[in-house]
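As a plain string of letters, each chain reads:
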Amino acid sequence: MSNHEFAFRSSGTYLNVERGERDTPYCIAGLAFDGAVTNRPGARLGPQAIRLASQMLCDATHPHFDTTPIGQLSDAGDLLLPNTGIGPMREALMPQALALLQKYHMVWLGGDHSVTLPLLRALNKIHGGPVAVVHFDAHCDTWTNHFGEPSGHGTWVYEAMEEGLLIPQASIQLGIRSSGERAAREYVNTVGGRVFTARELRGLESPAQLAPVLAEIRARMAAAGHPPVYMTLDIDCLDPAFAPGTGTPEPGGMTSAQVLSIIEELAELNWCGMDCVEVAPPYDHAELTSNAASTFVWTYLCARIAQQSKAAK
């Protein structure tokens, strides 16, 4: 398959780093697939938009962590995935993801949220067992079917739990607020994890205000033995005022500052990777959504690099 077969694939790179796999600890890859969306399509264009937005970061020196990913980051481009068909997509994604995970600490640019399940399957193989998860989202993604289909972008949490890919007590959800039956909304709580709803997080924005939330997340990770932690960030965790460019916007969501505070303050956790999904540029305004996504990815990378430097001293 060539680039000509995928007109929506990214042409630029994140932070304008040289395209291709290089000898770096961190790597970006795009997952340009939105064949499982239930409302508005367009997330297949997310990787391109996030990369374009990252060019505004210039030398990418982070004001809090005082470090930059430039020089430590590769961009492998977008993986070759079928345009539609969730089964074939996941089948094609797995071997490519495994090859990259064996060499890099990966950050993935989605794409819709159905891509996270095969990434967790790949991480399970890499780490030899389940991982913890910090999941930012408006939606619980714990439905047992997807509008009559067995799998989609709203079932992956349930499927991952059923497959033993996640550590239940170390599974955290943040920003949940969409309509849904209680069994789905409370699923992660029921299996022993913790759901911080958007309502519960209202008004908590600074590190000091978020201290009880951060303390509980840290305590859960410690109780689980400080396992590898995966971050999956659905951009619709944000209120549409901050991220209108997404397929299923839900009013009453998190602020950009809230999300940044949490990423920054939890820098010491044993992170094993991240994805940022559901950016749908056709519905964006003034690139608000892609800029937020780019900044979250940048902050995550700088947090990892800063912690690595701290550990080396």
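If you're wondering where the values come from, they're calculated on a predicted model, not measured in any experiment.

Trainee: Sorry if this is basic, but what is going on with the overall build of the chain here?
Mentor: A count of helical and extended segments in the chain gives ten helices and eight strands. Relative to a compact globule of 313 residues, whose C-alpha radius of gyration would be 20 Å, the chain shows 18 Å and is just as compact. Based on the C-alpha atoms only, the size of the chain along its principal axes is roughly 50 × 45 × 40 Å. With 313 residues in all, the chain has 57% of them scored as buried. The long-range fraction of contacts in the chain, counting pairs at least 24 apart against all pairs at least 6 apart in sequence, stands at 78%. Carbon and sulfur atoms form 52% of the exposed surface of the chain, whose accessible area is close to 12100 Å². Charge centroids of the chain, computed over 21 positive and 33 negative side chains, lie 4 Å from each other.

Trainee: How do you make sense of the side chain of Thr-142 when you look at a structure like this?
Mentor: Along the polypeptide, Thr-142 turns up in the loop between strand E4 (131–136) and helix H4 (156–162). At a separation of 2.6 Å, a polar atom in the side chain of Thr-142 contacts the main-chain carbonyl oxygen of Ala-184.

Trainee: Would you mind going over the packing of helix H1 (residues 46–54) against helix H10 (residues 288–312) with me for this structure?
Mentor: For any two helices packed against each other, the geometry comes down to the angle between their axes and how far apart the axes lie. Relative orientation of the contacting elements H1 and H10 amounts to 75°, with a least axis distance of 8 Å. Taken as axis vectors, H1 and H10 run roughly perpendicular relative to one another. Residue-level inspection shows Ala-49, Ile-50, Ala-53 and Ser-54 of H1 in contact with H10, the latter providing Ser-290, Asn-291, Ala-293 and Ser-294.

Trainee: What is the right way to read unusual backbone geometry from this model?
Mentor: Glycine aside, residues mostly have negative phi, and peptide bonds are mostly found in the trans state. Cis peptide bonds are those with omega within 30 degrees of zero, and the linkage from Gly-110 to Gly-111 qualifies with 15°. Note on placement: Gly-111 falls in the loop between strand E3 (105–110) and helix H3 (116–127). Positive phi is not limited to glycine here, since Cys-58 has a value of about 55°. Checked against the element boundaries, Cys-58 lands in the loop between H1 and strand E2 (73–78). For Cys-58, a relative accessible area of 61% gives the class exposed.

Trainee: Sorry, what's going on with the nonpolar core here?
Mentor: Soluble globular proteins tend to pack their nonpolar side chains together in the buried interior. Core analysis: the biggest nonpolar cluster contains 56 residues, and Tyr-14, Phe-136, Leu-174, Leu-233, Ile-235 and Phe-296 have the highest contact counts within it. If you tally residues by element for this core, the top one is H10, at eleven residues. Among all residues touching Tyr-14, those that are not within four sequence positions of it are Ile-28, Ile-50, Arg-51, Ser-54, Leu-57, Leu-73, Asp-75, Ser-294, Val-297, Trp-298 and Leu-301. Grouped together as the second largest cluster of nonpolar side chains are 40 residues, Ala-29, Val-115, Val-131 and Ala-184 included.

Trainee: Just to check I follow, could you spell out the side chain of Ser-171 for this structure?
Mentor: Turning to its location among the elements, Ser-171 is positioned in strand E5 (residues 166–176). Excluding its chain neighbours within four sequence positions, the residues that come into contact with Ser-171 are Val-133, Met-161, Leu-166, Val-188, Gly-193 and Arg-194.

Trainee: Any chance you could explain the pattern of salt bridges here in plain terms?
Mentor: Two side chains of opposite charge can pair, provided their charged atoms sit close to one another. Taken as a whole, this structure holds nine salt bridges when the rule is applied. Linking Arg-218 and Glu-268 is a salt bridge whose minimum nitrogen-to-oxygen distance equals 2.6 Å. Note that Arg-218 is positioned in helix H8 (residues 211–223) and Glu-268 in the loop between helix H9 (256–265) and strand E8 (271–277), a separation of 50 residues in sequence. The exposure class assigned to Arg-218 is partly exposed, which follows from its relative accessible area of 30%. Classification of Glu-268 by relative accessible area gives partly exposed; the value is 40%.

Trainee: It is not clear to me how the sheet that holds E3 should be interpreted in this structure. Could you clarify?
Mentor: Working definition: the strands of a sheet are paired by backbone hydrogen bonds and lie parallel or antiparallel to each other. A sheet is described by the order of its strands in space; here eight strands give the open sequence E2-E1-E3-E8-E7-E4-E5-E6, paired in parallel fashion. Unpaired on one side and paired on the other, E2 and strand E6 (194–197) mark the two borders of the sheet. Going from strand to strand, the sheet's axes swing by 15° on average, the running direction of each strand aside. Here six bridges tie strand E1 (residues 26–31) to E3, and the two strands are oriented parallel to one another. In the sheet register, Leu-31 faces E3, and the bridge partner there is Gly-110. Those strands touched by H10 are E1, E2, E3, strand E7 (229–234) and E8, and its axis lies near 170° from that of E8.

Trainee: Looking at this structure, how should I read the state of the cysteines?
Mentor: Note: disulfide means a covalent bond formed between the sulfur atoms of two cysteine side chains. With the rule as written, the count across this model stands at zero disulfides. For Cys-140, which is in no disulfide, the shortest distance to another cysteine sulfur is to Cys-237 and amounts to 15 Å. The exposure class assigned to Cys-140 is buried, which follows from its relative accessible area of 2%. Note on Cys-237: no disulfide assigned, nearest cysteine sulfur contributed by Cys-276 at a separation of 8.1 Å. The exposure class assigned to Cys-237 is buried, which follows from its relative accessible area of 0%.

Trainee: Explain the packing of aromatic side chains here, please?
Mentor: Note on aromatic pairs: each is described by the distance of the centres and the angle between the planes. By the definition in use, this model includes two aromatic pairs. Across the ring face of Phe-196, the terminal group of Arg-194 is positioned such that the distance to the ring centre comes to 4.0 Å.

Criteria and cut-off values
Residues numbered from 1 in each chain as written. Predicted model: local features only at pLDDT ≥ 70, side-chain atom pairs only at ≥ 80, totals over all residues. Heavy atoms only, no water. Helix = DSSP H or I, 4+ residues; strand = E, 2+ residues; numbered from the N terminus. Rg over C-alpha atoms; globule rule 2.2 N^0.38 Å. Buried < 20%, exposed > 50% of the residue type's maximum accessible area, 1.4 Å probe, protein only. Contact = heavy atoms within 4.5 Å. Areas by Shrake-Rupley, 256 points an atom, 1.4 Å probe, with all protein chains shown as cover. Lys, Arg positive; Asp, Glu negative; His and termini not counted. Charge placed at Lys NZ, Arg CZ, Asp CG, Glu CD. Polar contact = N/O pair within 3.5 Å; in protein donor to acceptor, adjacent residues only side chain to side chain. Axes fitted to C-alpha atoms, helices over the stretch in contact; angles between N-to-C directions. Parallel < 35°, antiparallel > 145°, perpendicular 65-115°, else oblique. Core = buried A, V, L, I, M, F, W, Y, C linked by side-chain atoms within 4.5 Å. Salt bridge = Lys/Arg side-chain N within 4 Å of Asp/Glu carboxyl O. Pairing = 2+ DSSP bridges. Disulfide = S-S within 2.5 Å. Phe/Tyr/Trp six-rings, centres within 6.5 Å; stacked < 30°, edge-to-face > 60°. Lys NZ or Arg CZ within 6 Å of the ring centre and 35° of its normal.

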